[in-house]
Amino acid sequence: MNTDEFRRTGHELIEWIATYRERMESLPVMSPVAPGDVARQLPTEPPMKGAGLDHIVQDLERIVLPGITHWNHPGFFAYFPSNSDLASVLGDLACAGLGAQGMSWQTSPAATEVEDVVMDWLRQMLGLPETFTGVIQDSASSANFCALLCARERSTAFGQTRGGMQWEEEPCVVYASSQAHSSIPKGALLAGFGKEHLRLIETDENHALRVDLLEAAIQADLSAGRVPCAVVAAVGTTATTALDDVRGIADLAAEYGLWLHVDAALAGTAMVLPECRWMWEGSEAADSIVMNPHKWMGVGFDCSAYFVRDPEHLIRVMSTNPSYLRTAQDGEVRNLRDWGIPLGRRFRALKLWFQLQDLGVEGLQRRIRRDLDNAQWLREQVAATPEWELLAPVPLQTLCLRHVPAELAGDEVALAAHNLAIVERINRAGHCYLTPAVLKGQQMIRVSIGSTPTEKRHVEGLWQELQLQAVASLQGPVASSA
Ligand SMILES: *Cc1c(COP(=O)(O)O)cnc(C)c1O
């Protein structure tokens, strides 16, 4: 492709993306395709002769678009908000266009220095003290894994330089709540702790980790000769956005010498609001913190912000430093390849920079407050309406609710089927998209608010639809297709 073709097709593609965003609301939020529908439309063998990209926009429209679930749709209430705001799309485009590797300072100094600066902006925006230094990781899952590796190496006094976990006489133990994200158990297993040494502590009626049970577990491990190594505090669990008592957990971590990692992947964005910062009080004592600009902050996936108190420790755990990667500036600059697992790094700071430059702190604050207000509005409707109930507090933008019609009350199996049917009807109708989930044995309808274009009227529309489909689902089977 030459630059003339790039210009022509590139302008066409930008036009297509802009039009896609404008007509988004008329598209069904959840992709209606069946397995194989997309793959079937592509040739099974690679093109032998290059044919250029003249038809690529039509192909996107015809083959790809039907297989897209529209995460930036105003009716997207599933999973978690994960938007790709247009400013961040341009940042990603600039990143691709520059095509630079940012593994070392020298491989593209701007990639490191822009990241340094915007990560410090982000630190300030979140109200974190200067004792934290940030680095971009691909995902919170990776950041959680890094945190557990760093904890392991601290507890074992760098066992990796000897026999690793295989030589440890006393096993190291990791603690988190039973509501912790699946990447925590996964990270603990991959880091070699072993399932036997992973404690998923029970939660209280608000689904937050029980600090009393945590302390009891730590003491039991100590008296059995095991080494309490790391504890993960969740600020905003995935299912219900429950808030662990970070202060209480931090006190125990300090007392027993555990690594404290705070997982605020989704909820971290709310800390841009000073009035929300009580939610993670105690985090200033953490060894590491993760929050995802690629969730509620409108920065396109992937962009996860990992903050650490002791960068030297992180570098010691992650650094490889073979001779061909050494440069003259090594003592003076950050080489971000040593701040995480992959060697190669894209210039992801661009999309974060573009987004913050475009919105400003105040623009972002306005949007988060809008989403919090919308969530409280819906909470009030649910609380005030007979036969609807909330299964968890609503500190942020996620609601866990269900419909309990009098005729089904007490019958958990029938209630589960009924609430699943409501979700299925709504998803098929196409205006909104919800993901159901099970919370401590109860089937719930989970409403996650915070898609960039979602305004109050869309939340009002969802509430109407919930009530309508609740009645309809009591009356008959699910319609076969929208
Ligand atoms: C979403 C989420 C994660 C995982 O985030 P990825 O960036 O997709 O890996 C981890 N922890 C919590 C609390 C989350 O909400």
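Numbers given to residues run from 1 along each chain, matching the order in which its sequence is written. Thresholds applied to this predicted model are a pLDDT of at least 70 for local features of residues and 80 or more for the giving and counting of side-chain atom pairs; totals over whole chains, interfaces and linings are not thresholded and use all residues. Only hydrogens and water are set aside when side-chain values are computed; all heavy atoms of the structure are taken into account.

J.: How should I be thinking about the overall build of the chain in this particular structure?
T.: Labels follow the DSSP assignment, with helices taken as runs of H or I lasting at least four residues and strands as runs of E lasting at least two, numbered in each case from the N terminus. Along the chain, the regular secondary structure elements total 13 helices and eleven strands. Taken against the 2.2 N^0.38 rule, which gives 23 Å for 482 residues, the C-alpha radius of gyration of the chain at 24 Å falls within 12% of a compact globule. Summarising its shape, the C-alpha atoms of the chain cover approximately 65 × 65 × 45 Å along the three principal directions. Throughout, a contact is declared for two residues whenever any of their heavy atoms are within 4.5 Å. Taking all contacts inside the chain whose residues are at least 6 apart in sequence as the whole, residues at least 24 apart take part in 75%. Note that accessible areas follow from Shrake-Rupley with a 1.4 Å probe, and for residues the cover is restricted to the protein chains shown. Counting only carbon and sulfur atoms, one obtains 55% of the accessible surface of the chain, whose full area is about 21800 Å². Values of the radius of gyration come from C-alpha atoms, whereas the globule rule sets the reference at 2.2 Å times the count of residues to the power 0.38.

J.: Help me out: how do you make sense of the packing of aromatic side chains in this one?
T.: Given two aromatic rings, one states the distance between the centres and the angle between the planes to describe the pair. Side-chain rings of Phe, Tyr and Trp, where Trp is taken by its six-membered ring, are said to pair if the distance between their centres is within 6.5 Å; with planes under 30 degrees apart they count as stacked, over 60 as edge-to-face, and otherwise as tilted. One pass over the full model with this rule turns up eight aromatic pairs. Relative to Tyr20, the ring of Trp16 has its centre 6.1 Å away and its plane inclined at 15 degrees; by these criteria the two rings are stacked. Placement of the pair is Trp16 and Tyr20 together in helix H1 (residues 3-23), with a separation of four residues, close to one helical turn. The buried label applies to any residue whose accessible area, calculated with a 1.4 Å probe on protein chains only, is under 20% of its type's maximum; exposed applies above 50%, and partly exposed to all values in between. Trp16 sits in the buried class, given a relative accessible area of 15%. Seen in terms of ring centroids, Phe76 and Tyr433 are 5.7 Å apart; in terms of plane orientation they differ by 75 degrees. Their pairing is edge-to-face.

J.: Help me out: how do you make sense of the sheet that holds strand E11 (residues 442-448) in this one?
T.: One key point about sheets: their strands pair by backbone hydrogen bonds, in either a parallel or an antiparallel sense. The pairing criterion is simple: DSSP has to find at least two bridges between the two strands. Taken together, four strands build an open sheet; the order of strands is E8-E9-E11-E10 and the sheet is antiparallel. Of all the strands in the sheet, just strand E8 (388-390) and strand E10 (435-439) have a single pairing partner and so form its edges. Between one strand and the next, the sheet's axes are offset by a mean angle of 40 degrees, whatever the strand orientation. Relative to E11, strand E9 (residues 398-403) runs antiparallel, the two sharing four bridges. Here an axis means a line fitted to C-alpha atoms, over the contact stretch when the element is a helix, while the angle between two N-to-C directions is reported on a 0 to 180 degree scale.

J.: Could you clarify how one ought to interpret the pairing of strand E1 (residues 133-137) in this entry?
T.: Each regular strand displays side chains that alternate between the two surfaces of the sheet. Counting buried positions over the five residues of E1 gives four, a clear majority of the element. In terms of strand pairing, E1 meets strand E7 (residues 304-308) through five bridges, oriented antiparallel. Among the inter-strand pairings, Gly134 is bridged to a residue of E7, identified as Phe307.

J.: For this particular structure, what's the right way to read a nonpolar patch on the surface?
T.: Taken together, Met1, Phe6, Leu53 and Ile56 make up a surface patch of nonpolar side chains, about 390 Å² in accessible area. With respect to the secondary-structure elements, Phe6 resides in helix H1. Taking relative accessible area as the criterion, Phe6 reaches 52% and is therefore assigned exposed. Nonpolar side chains (Val, Leu, Ile, Met, Phe, Trp, Tyr) within 5 Å and like charges within 9 Å form the patches, drawn only from residues with over 30% relative accessible area and no salt bridge. By convention in these notes, a salt bridge is any Lys or Arg side-chain nitrogen within 4 Å of a carboxyl oxygen on Asp or Glu.

J.: Would you mind showing me how to read the site of the ligand here?
T.: One heavy atom within 4 Å of a molecule or strand makes the whole residue count as near it. Taken together, Ser139, Ala140, Ser141, His181, Ser183, Gly236, Thr238, Asp263, Ala265, Asn292, His294 and Lys295 are the residues near the ligand. One of the side-chain N or O atoms of Thr238 is found 3.4 Å from an oxygen atom in the ligand. At 3.0 Å, a side-chain N or O of His294 approaches an oxygen atom of the ligand. Protein chains bury 90% of the 380 Å² of accessible surface belonging to the ligand in isolation. N or O atoms within 3.5 Å of each other form a polar contact, as long as, within protein, one can give a hydrogen and the other can take it, and as long as residues adjacent in sequence are counted only when both atoms are side-chain atoms.

J.: Explain unusual backbone geometry to me, please; I cannot follow it from the model alone.
T.: Leave glycine aside and you will find that most residues have negative phi; peptide bonds, for their part, are mostly trans. Here the residue pair Phe301 and Asp302 is connected by a cis peptide bond, since its omega of 5 degrees sits within 30 degrees of zero. Located in the positive-phi region is Ala157, a residue other than glycine, with phi close to 50 degrees. With respect to the helices and strands, the residue Ala157 is situated in the loop between helix H5 (140-155) and strand E2 (172-177). Of the residues examined, Ala157 reaches a relative accessible area of 53% and is grouped as exposed.

J.: What exactly am I supposed to notice about the sheet that holds E7 here?
T.: Taken in spatial order, the seven strands line up as E1-E7-E6-E5-E4-E2-E3 in an open sheet, and their pairing is mixed. On the outer flanks of this sheet lie E1 and strand E3 (198-201), each paired with one strand and no other. Between one strand axis and the next, the sheet turns through 20 degrees on average, direction left out of account. Examined bridge by bridge, E2 and strand E4 (residues 227-234) share four bridges and lie parallel to one another. Bridge pairing in E4 places Val173 opposite Pro228.

J.: In this structure, what is going on with the environment of Lys456? I would like to understand it.
T.: Along the chain, Lys456 falls in helix H13 (residues 456-475). Taking C-alpha positions, Lys456 is 5.9 Å from Asn374, a pair spaced 82 residues apart along the chain. Those residues in contact with Lys456, other than ones at most four positions away along the chain, are Asn374 and Trp377.

J.: Is there a simple way to explain the side chain of Thr9 in this structure?
T.: Structurally, the position occupied by Thr9 is in helix H1. The exposure class of Thr9 is buried, given its relative accessible area of 10%. Beyond its immediate sequence surroundings of up to four residues, Thr9 is in contact with Met1, Leu53 and Ile56.

J.: Sorry, what's going on with the domain arrangement of the chain here?
T.: An automatic or database domain assignment provides the domain bounds reported here. What the domain assignment lists for the chain is domain 1 (3-68), domain 2 (100-346) and domain 3 (365-475). The interface is formed by five residues belonging to domain 1 together with seven residues belonging to domain 3. When the buried surface of domain 1 facing domain 3 is broken down by residue, Glu25, Val29 and Met30 rank first, second and third, together holding 91% of it. Scanning the region where domain 1 abuts domain 3 turns up one salt bridge. Note that Glu25 is salt-bridged to Arg457, the shortest N-O span being 3.5 Å. Two parts placed together each lose some accessible area under a 1.4 Å probe, and the buried area is that loss summed for both.

J.: Could you clarify how one ought to interpret the packing of helix H7 (residues 211-223) against helix H8 (residues 246-256) in this entry?
T.: Interhelical geometry of H7 versus H8 gives an angle of 15 degrees and a closest axis separation of 10 Å. Our classification of the angle between H7 and H8 gives roughly parallel. The interaxial crossing formed by H7 with H8 has right-handed handedness. Where H7 abuts H8, its residues Val211, Leu214, Glu215, Ile218, Gln219 and Leu222 lie against Gly248, Ile249, Leu252, Glu255 and Tyr256. By residue class, the composition of the contact of H7 with H8 is seven nonpolar, two polar and two charged. Here is the rule for angles: anything less than 35 degrees is roughly parallel, anything more than 145 is roughly antiparallel, 65 through 115 is roughly perpendicular, and the remaining ranges are oblique. Crossing handedness is defined as follows: a turn of the near helix away from the far one that is anticlockwise and smaller than a right angle gives a left-handed crossing, while the clockwise case is right-handed. Charged means Asp, Glu, Lys or Arg here, nonpolar means Ala, Val, Leu, Ile, Met, Phe, Trp, Tyr, Cys or Pro, and polar covers whatever is left, Gly included.

J.: Looking at this structure, how should I read the pattern of salt bridges?
T.: In total, this model carries 31 salt bridges according to the counting rule given. A salt bridge links Arg62 to Asp59, with the nearest nitrogen and oxygen atoms 3.2 Å apart. Of this pair, Arg62 and Asp59 both sit in helix H2 (residues 56-64), separated by three residues, roughly a single helical turn. Given a relative accessible area of 47%, Arg62 falls into the partly exposed group.

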